[in-house]
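Below are the chains, spelled out letter by letter.
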Amino acid sequence: MEDYMLQTIKLAEKSLKYDDVPVGCIIVKNNKILAKTYNIKEKKQNITKHAEIVAIEKVSKKIKNWHLDGCILYTSLQPCLMCSVIIAQSRIDKVIYALENSEKIDYFDYLKDVEPLAKKVKVEQGKYSEKSLELIQKFFQKKRK
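Counting starts from 1 at the beginning of each chain's written sequence and moves along it residue by residue. Restriction of local features to residues with pLDDT of at least 70 applies here, the model being predicted, together with a cutoff of 80 or more for giving and counting side-chain atom pairs; totals for whole chains, interfaces and linings are based on all residues. The basis for every side-chain value is the complete set of heavy atoms in the structure, and neither hydrogens nor water enter the calculation.

Student: I'd like a description of the pairing of strand S1 (residues 24–29), backed by residues and values.
Tutor: For every residue, the accessible area obtained with a 1.4 Å probe (protein chains only) is divided by the maximum for its type, and the residue is called buried under 20%, exposed over 50%, and partly exposed between those limits. Working definition: helices are DSSP H or I runs of at least four residues, strands are E runs of at least two. Numbering for both runs from the N terminus. Across the six residues that make up S1, a large majority, five, are buried. Pairing between strands requires that DSSP locate at least two bridges from one strand to the other. As defined by bridge partners, S1 adjoins strand S2 (residues 32–38) across six bridges and the pair is classed as antiparallel. Within S2, the residue paired with Ile-26 across the bridge is Lys-36. Count of turn residues in the S1/S2 antiparallel hairpin: two residues, of which Asn-30 carries a positive phi of about 50°. Of the strand pairs in this sheet, S1 and strand S3 (residues 71–77) are connected by five bridges, and their pairing is antiparallel.

Given below as C-alpha cells:
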C-alpha cells in the first residue's frame, strides 16, 4: 500500500511556492487516489481553498456526487473547523492527519452536538508529524522576517 501520509507532506511543500500554509491532502477510496491537492488560498485569493476543501471539490466533480462515503482523507495538518464541517457534510468516513492543529482541538468531537454527521467521521493521527511541523515552522519563520 502506498504511503499516503508521506505524499501529503510532499504536496504541502508545494503550498510554500505560493506563500501559503503548507498543507497537503489526498482522498482515497478502495486504495485508489481520487484527489491530491494542497493549500491554494494565496494562489487563488480565496479563503475557502484549503487543501481538504479543494480535494473534496475535485472528488465530487470527478464522481459527480458530493456524497463521499467510503473515502479516507489524508492530510498533513489536522483539519480546521471549516474543513471539519465540510468533511462531515461530505460523508467522508475517516480522516488521518500528520500534525495536530495548534489549538489541539478535534473539531469533529467539538461539532458532534451541532452536526450529527461529525459523529460518524473516524479521526486518527498518522505519522510524519515532525516533517509537517518542520514545514509549518519554516513557513512562519519566513513570514516573521
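Picking up after the structure, the text goes on.
Student: Tell me about the side chain of Asn-39, and please be specific about residues and values.
Tutor: Considering the arrangement of structural elements, one finds Asn-39 in the loop between S2 and helix H2 (41–44). A relative accessible area of 4% places Asn-39 in the buried class. Polar side-chain contacts of Asn-39 include one of 2.7 Å to the backbone nitrogen of Ala-51. Only heavy atoms enter the contact rule, under which two residues are in contact if any of them lie within 4.5 Å. Apart from the residues within four sequence positions on either side, Asn-39 is in contact with Ser-15, Asp-20, Val-21, Val-23, Lys-49, His-50 and Ala-51. Each polar contact in these results corresponds to two N or O atoms within 3.5 Å; when the atoms are within protein, one needs to be able to donate a hydrogen and the other to accept it, and residues that are neighboring in sequence are counted only if both atoms are side-chain atoms.

Student: If you had to explain the packing of aromatic side chains to someone new, which residues and values would you point to?
Tutor: Two aromatic rings from Phe, Tyr or Trp, using only the six-membered ring of Trp, form a pair when their centres are within 6.5 Å; if the ring planes differ by under 30 degrees the pair is stacked, by over 60 it is edge-to-face, and anything between is tilted. Tallied over the full model, the rule gives four aromatic pairs. Here Tyr-107 and Tyr-110 contribute two aromatic rings whose centre-to-centre distance is 6.0 Å and whose plane-to-plane angle is 85°, an arrangement assigned as edge-to-face. Taken as a pair, Tyr-107 and Tyr-110 lie in helix H5 (residues 107–111) at a separation of three residues, close to a single helical turn. When its relative accessible area of 56% is taken as the criterion, Tyr-110 is described as exposed. With a centroid separation of 4.8 Å and an interplanar angle of 80°, the aromatic rings of Phe-139 and Phe-140 are classed as edge-to-face. Overall, Phe-139 belongs to the buried group, its relative accessible area being 6%. Looking at Phe-140, the relative accessible area reads 35%, which means it is partly exposed.

Student: Provide a residue-level description of the pattern of salt bridges, including the pertinent values.
Tutor: Every case where a carboxyl oxygen of Asp or Glu lies within 4 Å of a side-chain nitrogen of Lys or Arg is listed as a salt bridge. The final tally for this structure, using the stated rule, is six salt bridges. As a salt-bridge pair, Asp-3 and Lys-127 come within 3.5 Å of each other at their nearest N and O atoms. Placement of Asp-3 in the segment before helix H1 (4–17) and of Lys-127 in the loop between strand S5 (122–125) and helix H6 (129–144) is noted, with a sequence separation of 124 residues between them. Between Lys-94 and Glu-124 there is a salt bridge whose closest N-O contact spans 3.1 Å. One end of the pair, Lys-94, is in strand S4 (residues 94–99); the other, Glu-124, is in strand S5, and 30 residues separate them in sequence. Look at Lys-94 and you get partly exposed, because its relative accessible area is 24%. You can call Glu-124 partly exposed: its relative accessible area is 35%.

Student: Help me get a handle on unusual backbone geometry, residues and values and all.
Tutor: Phi is positive for Asp-19, close to 60°, though the residue is something other than glycine. Here Asp-19 lies in the loop between H1 and S1. In the Ramachandran plot, Arg-91 falls in the positive-phi region, its phi being about 70° despite a non-glycine side chain. Mapped onto the fold, Arg-91 is located in the loop between helix H4 (81–89) and S4.

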